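Here is what each chain is made of, one letter per residue.
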Amino acid sequence: DLILTKTDELKKAQWIETVTSTGTIEDATDGTTGERSIRLRTNGTSGATATISYPHLKLDFSKTAIFETKLRIETMSSIALHSGVGADDASAADSNTRKFCADVCTATNNNWHLRTASGSANSMSDSGIAATTSRVAIRIEHLPTLGTPETDLYVDSGTVLQKTSNIPTSSATADNNLIKHTVKNSTAADRPLHTYGSRLRYTVSDNWI
């Protein structure tokens, strides 16, 4: 298992940082709970992005995997984000690169979605669970060995969303994009995203000698 809950994991310097336009990334401490987080900020230019990705040994998409994270959106409007395994940067178009991630895109609606890509197609399914400015626990279970492969999204204790379309069942992540958190605004105002920690249980695809 790769279990990213160590103290140093909540420091931006442990991640690959990418920003566009006025995007910035900063270490933060929550004012109400004292929890550490990494704060991804778009700041005041529409279309700006901030992204962190964790490099590690590649994930094998043909094996079961479980991704968990805790997030907080500061302002629930004019925002798009991805959080998960193999995700695209928010600055890029949604690609067919193999992935599973939790999405919010207020241009669609204000709900949490599950996006998956098989390598040849990608799609996003609506959980029906509203995204808010409260802290939220995200859990994604990737189950490629079932008779019908599926990937499931849990938002806090809400009803599970079971997705069976465009599920990746072969190949692996890039070694520089195992876990990604990324945010973009669509207004000339800051739309910060806090990441409080991540956990990923998976099978490594790399050869061990």
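Conventions and cut-offs
Residues numbered from 1 in each chain as written. Predicted model: local features only at pLDDT ≥ 70, side-chain atom pairs only at ≥ 80, totals over all residues. Heavy atoms only, no water. Helix = DSSP H or I, 4+ residues; strand = E, 2+ residues; numbered from the N terminus. Buried < 20%, exposed > 50% of the residue type's maximum accessible area, 1.4 Å probe, protein only. Core = buried A, V, L, I, M, F, W, Y, C linked by side-chain atoms within 4.5 Å. Contact = heavy atoms within 4.5 Å. Pairing = 2+ DSSP bridges. Axes fitted to C-alpha atoms, helices over the stretch in contact; angles between N-to-C directions. Phe/Tyr/Trp six-rings, centres within 6.5 Å; stacked < 30°, edge-to-face > 60°. Lys NZ or Arg CZ within 6 Å of the ring centre and 35° of its normal.

Colleague: I would appreciate a short explanation of unusual backbone geometry in the present structure.
Modeller: One can expect most non-glycine residues to show negative phi and most peptide bonds to be in trans. Positioned with a positive phi, Asp156 is a non-glycine residue whose angle comes to about 50 degrees. Turning to its location among the elements, Asp156 is positioned in the loop between β11 (150–155) and β12 (161–163). Relative accessible area serves as the criterion here: at 47%, Asp156 is assigned to the partly exposed category. Located in the positive-phi region is Ser171, a residue other than glycine, with phi close to 70 degrees. Along the chain, the position of Ser171 falls in the loop between β12 and β13 (179–185).

Colleague: Teacher, can you tell me more about the nonpolar core here?
Modeller: In summary, soluble globular proteins display a tendency toward joint burial of nonpolar side chains. Core analysis: the largest hydrophobic core is formed by 35 residues, its most contacted members being Ile73, Trp112 and Ile138. The residues contacting Ile138, other than those within four sequence positions of it, are Phe67, Glu68, Thr69, Leu71, Ala102, Trp112, Leu153, Tyr154 and Val155.

Colleague: Before we go on, may I ask you to explain the environment of Gly147 in this structure?
Modeller: By secondary structure assignment, the location of Gly147 is in the loop between β10 (136–143) and β11. Its relative accessible area of 83% is what places Gly147 among the exposed residues. It is 37 Å that separates the C-alpha atoms of Gly147 and His194, two residues lying 47 residues apart in sequence.

Colleague: Looking at this structure, I do not really get the sheet that holds strand β3 (residues 36–41). What am I missing?
Modeller: What links the strands of a sheet is backbone hydrogen bonding, and the strands pair in either a parallel or an antiparallel sense. A sheet is described by the order of its strands in space; here seven strands give the open sequence β2-β3-β14-β5-β10-β11-β12, paired in antiparallel fashion. Bordering the open sheet on either side are β2 (24–29) and β12, each of which pairs with just one other strand. Adjacent strand axes in the sheet meet at a mean angle of 25 degrees, parallel and antiparallel pairs treated alike.

Colleague: What's the story with the packing of aromatic side chains in this structure? I'm lost.
Modeller: To describe a pair of aromatic rings, you give the distance between the ring centres and the angle between the ring planes. The tally for this structure, following the rule as stated, stands at two aromatic pairs. Relative to Phe100, the ring of Phe61 lies with its centre 6.1 Å away and its plane at 85 degrees, an arrangement referred to as edge-to-face. Taken together, the residues Phe61 in the loop between β4 (49–54) and β5 (65–73) and Phe100 in strand β7 (residues 99–105) connect sequence positions 39 residues apart. Residue class for Phe61 comes out buried when judged on its relative accessible area of 0%. By relative accessible area, Phe100 is classed as buried at 0%. Above the face of the Tyr196 ring, Lys70 is positioned so that its terminal group lies 5.2 Å from the ring centre.

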